[in-house]
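Examination of the molecular architecture
Each chain, written out:
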Amino acid sequence: MSSAAAPRVSTDDALDPRAMREPLPNAWYCAGQASAVAGGKMRAVALNGEQVVLGRGKDGALFALRDRCPHRGMALSKGKFDGDTLMCPFHGWRFGTDGRCRDVPTLSEHDASDFSRIAVQRFPIVESAGFLWVNPHLGPSNPEAVPAVPSLDFEPAGCLVLELEVEASFDLTTLSLVDPGHVAFVHDTWWFRPSKELREKVKTFQPVPHGFVMTSHATTTSSPVYRLLGGAPEVEIEFRLPGVRLERIKAGTKRVANYTFATPMGPNRTMLTNALYWSMPALNLLKPIARPLMRQFLTQDQQVLQHAQAGLDRKPTMVLLGQGDLPSQWYFRLKREALEAAREGRPFANPLTRQELRWRS
Ligand code: FES
Ligand SMILES: [Fe+2]
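Residues numbered from 1 in each chain as written. Chains lettered and ligands numbered in written order. Predicted model: local features only at pLDDT ≥ 70, side-chain atom pairs only at ≥ 80, totals over all residues. Heavy atoms only, no water.

**Description of the domain arrangement of the protein**
Let me state the cut-off plainly: Domain limits in this description derive from either an automatic procedure or a database domain assignment. Two residues form a contact once any of their heavy atoms are found within 4.5 Å. When two components associate, each loses some accessible surface as probed by a 1.4 Å sphere; the sum of these losses over both components is called the buried area. What makes a salt bridge here is a side-chain nitrogen of Lys or Arg within 4 Å of a carboxyl oxygen of Asp or Glu, nothing more. Between N or O atoms, a polar contact is any pair within 3.5 Å; within protein, one atom must be a potential hydrogen donor and the other a potential acceptor, and residues adjacent in sequence are included only when both atoms are from side chains. By definition, any uninterrupted DSSP run of H or I lasting at least four residues is a helix, any uninterrupted run of E lasting at least two residues is a strand, and each is numbered from the N terminus.
We note that the domain assignment places domain 1 (28-136) and domain 2 (151-360) within the protein. Of note, the centres of domain 1 and domain 2, computed from C-alpha atoms alone, are 33 Å apart. The partner domain 2 presents 16 residues to the 14 residues of domain 1 that form the contact. When domain 1 packs against domain 2, close to 1100 Å² is buried across both sides, 65% of that on carbon and sulfur atoms. Summed over the three residues of domain 1 that lose the most area to domain 2, namely Y29, A129 and F131, the buried surface amounts to 38% of that side. Viewed at the interface, domain 2 and domain 1 are joined by 1 salt bridge. Connecting domain 1 to domain 2 are 5 residue pairs in polar contact (both at pLDDT 80 or more). For the side of domain 1 that touches domain 2, the secondary structure elements donating two or more residues are β2 (29-33), β3 (43-47) and β11 (131-134).

Structure (structure tokens):
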């Protein structure tokens, strides 16, 4: 193995004790499919230890509020939403989608109590690539300091989405998005990786805003998934903070995108969302076949991550070794830079440089 040249690195002393172990506080996280809030439906999501209720008002505007009635803590998502106000199911207090209390129906006309100053915390929410994105950060922030929300640069003919909850930390789950070393061992299925042999890979990585990108031609890959597209597809895989992997495949005018998002729900609870989009209507026929394969693939990650988390719970250290583990080290460097830039009130400066990496997978 050629990895002998790489120094043995323990991430332990590279990390800030507290902030570095938490998910980035000021970032957009995937909060489910936009279709989940269609037709006046509310949706409750766990986000970084917070409970959030999401919805879309009659006027079409999205809202995200802390899912907690200020009166006695009831979950507002258990109540009713009429497209304008949310009604708490406990004592009927009403809140606008801006979070302001609009009515306390149990007050007597002779009661002078003022509810106009009562409000539920509101979070920023946007829609992109068919998903809702919420930033759980409270307090002021410079929008340019926050990594951009993923978007899709073609009109999809179809889309397949799978969500899987993983009982593992946000960091451990996110590392699996940038870890080429696990693929041969974890995703060892005939349809994804027919060859059983490890082969030398050489790939060029370049910094992009809040992340890095790997570009290659699929002539070097053996996956039938790529071959399905015909020709020699160009594959570009971008990683971006906080936990976003964007794989874009181009073959002539044909386009496929495979996006993966990690969302911190709470300690050792992370949602993995995978969205596959394609531009060719004919591929819609493959949806019933592709869904169980995608589930199998994500479940492989889920299982191995949960077992690894149990080991990290007993001893929370990692040894990142060799060039195949450099993208994992870059993740921590990007995260550290984001935290330091926020603390110092300056713009994010990507600490990475263009680099060629070699590993076997
Ligand atoms: S707990 Fe919400 S109205 Fe009482
Ligand atoms: Fe994986």
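Now, onward.
**Brief notes about the nonpolar core**
The test is simple: We call a set of buried residues a nonpolar core when its members are Ala, Val, Leu, Ile, Met, Phe, Trp, Tyr or Cys and they connect through side-chain atoms within 4.5 Å of each other. Exposed residues in this analysis have more than 50% of their type's maximum accessible area, buried residues have under 20%, and partly exposed residues fall in between, with area computed by a 1.4 Å probe over protein chains only.
Counting 58 residues, the largest nonpolar core has L54, L132, V134, F212 and L241 as its most contacted members. The dominant element in this core, judged by the number of residues it contributes, is helix α5 (residues 326-344), at 7 residues. A domain-level breakdown of this core finds at least three residues from each of domain 1 (28-136) and domain 2 (151-360). Aside from chain neighbours lying at most four places away, what touches F212 is V178, F205, Q206, P207, I237, E238, F239, P327, W330, L334 and L352. One finds A129, L246, A257 and Y259 within the second-largest nonpolar core, a separate group that totals 17 residues.

**Overview of the coordination of the iron ion (ligand 2)**
Operational definition: Water is not part of the atom set, so a site may look incomplete; the donors themselves are N, O and S atoms within 2.8 Å of the metal, or 3.2 Å for Na, K and Ca. Sites are called tetrahedral only when four donors show all angles between 85 and 135 degrees, square planar or octahedral only when four or six donors show opposite pairs over 155 degrees and all other angles between 65 and 115, and irregular in any remaining case.
Taken together, the protein donors to the iron ion (ligand 2) comprise H182 (NE2), H187 (NE2), D301 (OD) and D301 (OD), at separations of 2.1 to 2.6 Å. Considering all 4 donor atoms around the iron ion (ligand 2), the spread of angles at the metal, 54 to 152°, places the coordination shape in the irregular class. Within one chain, the residues donating to the iron ion (ligand 2) are spaced in sequence as H-x4-H-x113-D. The class of H182 is buried, set by a relative accessible area of 13%. Classification of H187 as buried rests on a relative accessible area of 1%.

**Details of the pattern of salt bridges**
Scanning all chains against the criterion turns up 16 salt bridges. Across the pair D171 and K335 runs a salt bridge, and its minimum N-O distance is 2.9 Å. One end of the pair, D171, is in helix α1 (residues 170-175); the other, K335, is in helix α5, with 164 residues separating them in the sequence. The buried category is assigned to D171, whose relative accessible area is 10%. E344 is paired through a salt bridge with R346; the nearest N and O atoms lie 2.7 Å apart. Of the residues examined, E344 reaches a relative accessible area of 47% and is grouped as partly exposed.

**Observations concerning helix α4 (residues 287-314)**
How we decide: Helices are assigned an expected span. That span is 1.5 Å times one less than the residue count.
A rise of 1.5 Å per residue sets the reference length of α4, with its 28 residues, at 40 Å; its end C-alpha atoms lie 41 Å apart and thus fit the reference within 8%. For α4, every residue scored as buried is listed here: M294, L298, Q300, D301, Q302, L305, Q309 and L312. Tucked into the core, α4 has its buried residues touching β12 (158-166), α1, α2 (183-186) and β18 (269-278).

**Overview of the state of the cysteines**
Using the following cut-off: We call a pair of cysteine sulfur atoms a disulfide whenever their separation is within 2.5 Å.
Counted under the stated rule, the structure contains 0 disulfides. For the unlinked cysteine C101, the closest cysteine sulfur is that of C69, found at 7.7 Å. In this structure C159 is a free cysteine whose sulfur lies 11 Å from that of C30, the closest cysteine sulfur available.

**Let's talk about the environment of E163**
Along the chain, E163 turns up in strand β12. Exposure remark for E163: the relative accessible area of 29% places this residue in the partly exposed category. Residues E163 and G32, 131 residues apart in the sequence, show an inter-C-alpha distance of 8.4 Å. If we skip the residues at most four places from it in the chain, E163 touches G32, Q33, R43, M271, L272 and T273.

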